[in-house]
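Observations on the three-dimensional arrangement
Residues per chain are reported as follows:
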Amino acid sequence: MENRQNTIRETLKEKKRIVIKIGSSSLTYPQGGMDLLKAERLVRVLTSLCSRGKEVVLVSSGAVAVGRKEMGLVPQSVAQRQALAAVGQAKLMMIYQKLFAEYGQTAAQVLMGRHVIMREQSRINIQNTFQELLKLGVIPVVNENDTVATYELEMLSIFGDNDHLSACVAALIQADLLILLSDIDGLFTDDPKQNPEAKLISYVPKMTEELFQMGKSTSSSEVGTGGMFTKLDAARLACDAGTDMVIANGDNINNILKIIDGQDVGTLFSAHKKKDFVLADYMDY
């Protein structure tokens, strides 16, 4: 098993089209507002990947948290969260645009929702948009369109703090690798915050029902909405679509480079593309 994992880790060096998702807890402060130091490091790493010939898509959470800080308001309703998302998304993108510009890299905003995936024509349109942006060397910055979402903004988000969304994006663009950066080192045998004996699972050759049961506990983060179950669900989708996936800790942004350089970081899930894969089938919740 270890030799097989090492071999597969080595193949990550050759991955060209990469989707990187960073969660709210890894990018913003608990009281709201963006961690600019982390954002700058993230932008620097992504720009470096583009310079190495990689095609990069960033799926970024954090709009509500940034809006919360901007307005000095703790949301008490879905409508307030939508309003804060509208304020925060604009500022989030402004920060990204400014940081990317400092490194000579162009970024573009892409807002998505469930309807984009479910409708064939809109799905084709968004695929074409991604393809053209990547061809132009642009880094698409993707987020859920929280300003029009309702159910998604409650703590039962269908996209789970963008975990599921990032897997959808990876499937849409036929990405080679999906990296989920969160507030945990990877998949453990038990909740490491409750059980100090829990061990990190560094390699998952195939998703099983047992693994889903292990992920039923949710994240303790007060900022994000995605727990381990949503990450395992994202792994199922991505692997079925033919994309390898890694869950790693977003506290160290350089984990991105370590993963792509083939180092043993986080939990690696091997792709196993289904012959009859249909993305819309994974939106039926």
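Now for a description of the structure that goes with this document. What you are looking at is a predicted structure, and each value in this text was computed from that prediction instead of being measured.

As a further point, take the sheet that holds strand 9 (residues 244-249). An order of 3-4-2-1-5-9-10-8 is seen for the eight strands of this open sheet, with the pairing classed as mixed. The open sheet is flanked by strand 3 (107-112) and strand 8 (203-204), the only strands paired with a single partner. In the packing of helix 7 (residues 120-135) onto the sheet, contacts are made with strand 1 (17-22), strand 2 (55-60), strand 3 and strand 4 (139-144), and the angle to strand 3 comes to roughly 165 degrees.

Mapped onto the elements of the fold, Asn 143 is located in strand 4. The buried category is assigned to Asn 143, whose relative accessible area is 3%. A polar side-chain atom of Asn 143 sits 3.3 Å from the main-chain carbonyl oxygen of Ser 60. At 2.8 Å, the side chain of Asn 143 forms a polar contact with the side chain of Gln 89. Those residues within four positions of Asn 143 in sequence are excluded, and the remaining contacts are Ser 60, Ser 61, Ala 63, Gln 89, Leu 92, Val 110, Leu 111, Met 112, Asn 162 and Leu 165.

Turning our attention to the packing of helix 8 (residues 163-172) against helix 10 (residues 228-241). Two quantities define a packed helix pair, namely the angle between the helix axes and the distance between the axes. Taken N-terminus to C-terminus, the directions of helix 8 and helix 10 make an angle of 5 degrees; their axes are 8 Å apart at the nearest point. Taken together, the axis directions place helix 8 and helix 10 in an arrangement best described as roughly parallel. Contact residues: Asp 163, His 164, Ala 167, Cys 168 and Ala 171 in helix 8; Thr 230, Lys 231, Asp 233, Ala 234, Leu 237, Ala 238 and Ala 241 in helix 10.

A few words on helix 8. In terms of residue burial, helix 8 counts as a mostly covered element, since ten of its ten residues are buried. Considered for burial, the residues of helix 8 that qualify are Asp 163, His 164, Leu 165, Ser 166, Ala 167, Cys 168, Val 169, Ala 170, Ala 171 and Leu 172. Looking one or two places after helix 8, you find Gln 174, whose phi comes out positive at around 55 degrees.

Thresholds applied
- Residues numbered from 1 in each chain as written.
- Predicted model: local features only at pLDDT ≥ 70, side-chain atom pairs only at ≥ 80, totals over all residues.
- Heavy atoms only, no water.
- Pairing = 2+ DSSP bridges.
- Helix = DSSP H or I, 4+ residues; strand = E, 2+ residues; numbered from the N terminus.
- Contact = heavy atoms within 4.5 Å.
- Axes fitted to C-alpha atoms, helices over the stretch in contact; angles between N-to-C directions.
- Buried < 20%, exposed > 50% of the residue type's maximum accessible area, 1.4 Å probe, protein only.
- Polar contact = N/O pair within 3.5 Å; in protein donor to acceptor, adjacent residues only side chain to side chain.
- Parallel < 35°, antiparallel > 145°, perpendicular 65-115°, else oblique.

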